[in-house]
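Each chain is listed here by its residues.
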2 protein chains.
Amino acid sequence: MHAPGDVRVEERDDPRIIDPTDAVIRLTATCICGSDLWPYRGIEPVDHAPMGHEYVGVVEEIGSEVRTIAVGDFVVGSFVISDNTCEICRSGFQSQCVHAQFVSQVVGTQAERARIPYADGTLVATPGQPDPELVPSLLAASDVLGTGWFAAVAAEAGPGKTVAVVGDGAVGLMAVLAARQLGAERVIAMSRHPDRQELARHYGATDIVEERGDKGVSRIKELTGGLGAHSVVEAVGTQESFMQAVGATRGGGHLGYVGVNHGVSIPGDELFFAGIHTLGGPAPVRRFLPDLIRLIWDRTIDPGRVFDLSLPLDQAAEGYRAMDERRAVKVLLTL
Amino acid sequence: MHAPGDVRVEERDDPRIIDPTDAVIRLTATCICGSDLWPYRGIEPVDHAPMGHEYVGVVEEIGSEVRTIAVGDFVVGSFVISDNTCEICRSGFQSQCVHAQFVSQVVGTQAERARIPYADGTLVATPGQPDPELVPSLLAASDVLGTGWFAAVAAEAGPGKTVAVVGDGAVGLMAVLAARQLGAERVIAMSRHPDRQELARHYGATDIVEERGDKGVSRIKELTGGLGAHSVVEAVGTQESFMQAVGATRGGGHLGYVGVNHGVSIPGDELFFAGIHTLGGPAPVRRFLPDLIRLIWDRTIDPGRVFDLSLPLDQAAEGYRAMDERRAVKVLLTL
């Protein structure tokens, strides 16, 4: 991305092993994330940056200390590099690893090849070479599914719970899928787009709420005996959506937030008197990858349906435009 | 409180039973809370308001539907009215009860007598009439101990954990006590006052950190292998203290916040990238009262030591002055 709105596909040097814990992979597929739109829209600074942090591919080379990943393996990786051995990783928060780095900042996987540091701690090999129709779902696990899943776990979605999901983007839709898989009794998708409502229902939404802001909060309360939802997922990252999520959570309930907050300022007193649990941030996708790969491999879940436009990598610029203009929920880039 | 800084002890009408779920109690002792200083200092509006929300006393009269409390019982009550039967109460968040009311707003227990709504859901009777030396500790359970205890529970203090407590007021000191009782391995009190440091050590603090703000955060990280504390309690409620608490919590760690936030504005992106659990708000003291009463009755804990000045009720104005000028940590008012 040369500048906001200016995406070009250009030649870069081939990546190579630098540290003995590295792997180099050949990408099978990659994609464009909602968070890539922040710099595209000029909300985050950008200047000739390689882009991309979601990826699946085949291992081409490994460093001398890599143990769990072999050349030829098909792998799925997290959008945050982690060693998966430090105390923070072992507590399940690999996105806060002492060696954490964002793939978007140090790699850029909208590319043919990528060097992945801490390969053992970041990548997970699939049980074999996947059928082509599984690739989109495996790619989704890299961020959008992993993030939606984390949000639902953070919101403590589970049996007997009513879960409300703020945001009908790809992550919100994945949170709907996750809430349902985690056993939630009722999943309320907050969406005003018919096509996304349909996808939300496909993934297990039992109710749709079209209202936003205070009206959206009132509607959630109406649907929950005046109490609010047990579990709320925030998957947008604006001031309005965050406070809508706070308001929709019942006292003592759980809010999981994964929309990257831009310019959000949370009034301390509102959060205080809400009396709710919160957990958010960059998702520790690595924690969930083994389980998510299994669910996809067994065809229990089909997160790949969230990709509604597929383009070859050299048409990445059109992919950004389609997402920016909301003509596509999420764009897959093929190689 | 006629106005900020203007506290007077005056005659009010005797309280009487209004609803069949009410009880009228004769206060044995009451006290002044750190939160009473907000209106005293003019930070919250106040205009001829009855004050006080911490109380122990003897039941004088009960409504026809009161079942668990009898005339003559010695009772401890929560600073929030709760029915203790609704779905929110049953989930342990009595301070968010569908019938929740703040005692400070509807009762005012810096008084000789008080009407307590939802007596069964708000009050807990002690096993018998307490020895006089237990009264301060039982009174502490009503808010300051219950709030500190909730903060430690919200921060998931427990075996193997390092707990940092931001704030050396009465609530912070009670959080130190609670963290220790809950089995925390290490309890770091953040305090720069020698007398409060001593009390913190008495209640189980293993370390003292005098630095504040970013320097305080750095010191906590130094003491925790660079990671931050597993569990952090925020017991002040200012912008600096809140962000100090966020910064002191390790990724994936737990922040329990009970300082009433005044003018605090939490930067969404800082909270996001911290990747921490938070839980806060008015404490559901009622959840903990039976256990706290037992611990006090058995003389396992002595929270009453947090009162370092005792005055008769008619000298309440001097009590406010002493706390405002930080000459006293917490003032007990006798009747």
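Scoring rules and cut-offs
Residues numbered from 1 in each chain as written. Chains lettered and ligands numbered in written order. Predicted model: local features only at pLDDT ≥ 70, side-chain atom pairs only at ≥ 80, totals over all residues. Heavy atoms only, no water. Least-squares fit on C-alpha atoms with pLDDT ≥ 70 in both. Contact = heavy atoms within 4.5 Å. Helix = DSSP H or I, 4+ residues; strand = E, 2+ residues; numbered from the N terminus. Expected span 1.5 Å × (residues − 1). Buried < 20%, exposed > 50% of the residue type's maximum accessible area, 1.4 Å probe, protein only. UniProt positions renumbered as here; feature names shortened; annotations may be inferred. Phe/Tyr/Trp six-rings, centres within 6.5 Å; stacked < 30°, edge-to-face > 60°. Lys NZ or Arg CZ within 6 Å of the ring centre and 35° of its normal. Pairing = 2+ DSSP bridges. Axes fitted to C-alpha atoms, helices over the stretch in contact; angles between N-to-C directions.

**Examining the relation of the copies chain B and chain A**
Thought 1: Superposing chain B onto chain A takes a rotation of 180° plus a shift of 0.0 Å along the axis, which leaves an RMSD of 0.0 Å. Taken together, the rotation angle and the small translation identify this as a two-fold axis.
Thought 2: Comparing interface residues between copies, 100% of those in chain B also lie at the interface in chain A; the contact surface is shared.

**Some remarks on helix H7 (residues 170-181) of chain B**
Residues and elements named next belong to chain B.
Thought 1: Look at H7: 17 Å from first C-alpha to last across twelve residues, which is about the 16 Å you get at 1.5 Å a residue.
Thought 2: Summarising burial for H7: nine of the twelve residues are buried, a large majority.
Thought 3: Next to the buried residues of H7 lie helix H6 (144-154), strand S8 (162-166), strand S9 (186-190), helix H8 (194-202) and strand S11 (229-234).

**A few points about the UniProt feature "domain: Alcohol dehydrogenase-like N-terminal" (unreviewed entry) in chain A**
Thought 1: When the UniProt feature table is mapped onto this chain numbering, "domain: Alcohol dehydrogenase-like N-terminal" (unreviewed entry) sits at residues 20-119 of chain A.
Thought 2: For residues 20-119 of chain A, the end-to-end C-alpha separation is 10 Å, with 13% helix and 29% strand making up the annotated structure.

**A word on the packing of aromatic side chains**
Thought 1: If you walk through the whole model with that rule in mind, you get 14 aromatic pairs over all chains.
Thought 2: Aromatic side chains Phe272(A) and Phe273(A) sit 4.9 Å apart centroid to centroid with 80° between the ring planes, which places their arrangement in the edge-to-face category.
Thought 3: Among the residues examined, Phe273(A) registers a relative accessible area of 40% and is labelled partly exposed.
Thought 4: Aromatic side chains Phe150(B) and Phe288(B) sit 6.5 Å apart centroid to centroid with 40° between the ring planes, which places their arrangement in the tilted category. Of the two residues, Phe150(B) sits in helix H6 while Phe288(B) sits in helix H12 (residues 285-297), which places them 138 residues apart along the sequence.
Thought 5: Residue placement shows Arg287(A) over the ring face of Phe93(A); its charged tip is 5.1 Å from the ring centre.

**Description of the sheet that holds strand S10 (residues 207-209) of chain B**
Thought 1: The sheet built from twelve strands is open, its strands ordered S10(A)-S9(A)-S8(A)-S11(A)-S12(A)-S14(A)-S14(B)-S12(B)-S11(B)-S8(B)-S9(B)-S10(B) with mixed pairing. Of all strands in the sheet, those bounded by a partner on one side alone are strand S10 (207-209) of chain A together with S10 of chain B. On average, each strand axis in the sheet is tilted by 20° relative to the strand beside it, whichever way the strands run.
Thought 2: Of the pairings in the sheet, the one linking strand S12 (residues 249-257) of chain A to strand S14 (residues 277-280) of chain A comprises four bridges and is parallel in character. Within S14(A), the residue paired with Gly256(A) across the bridge is Leu279(A).
Thought 3: Each of S11, strand S12 (249-257) and strand S14 (277-280) of chain B touches H6(B); the most contacted strand, S12(B), lies at about 160° to it.

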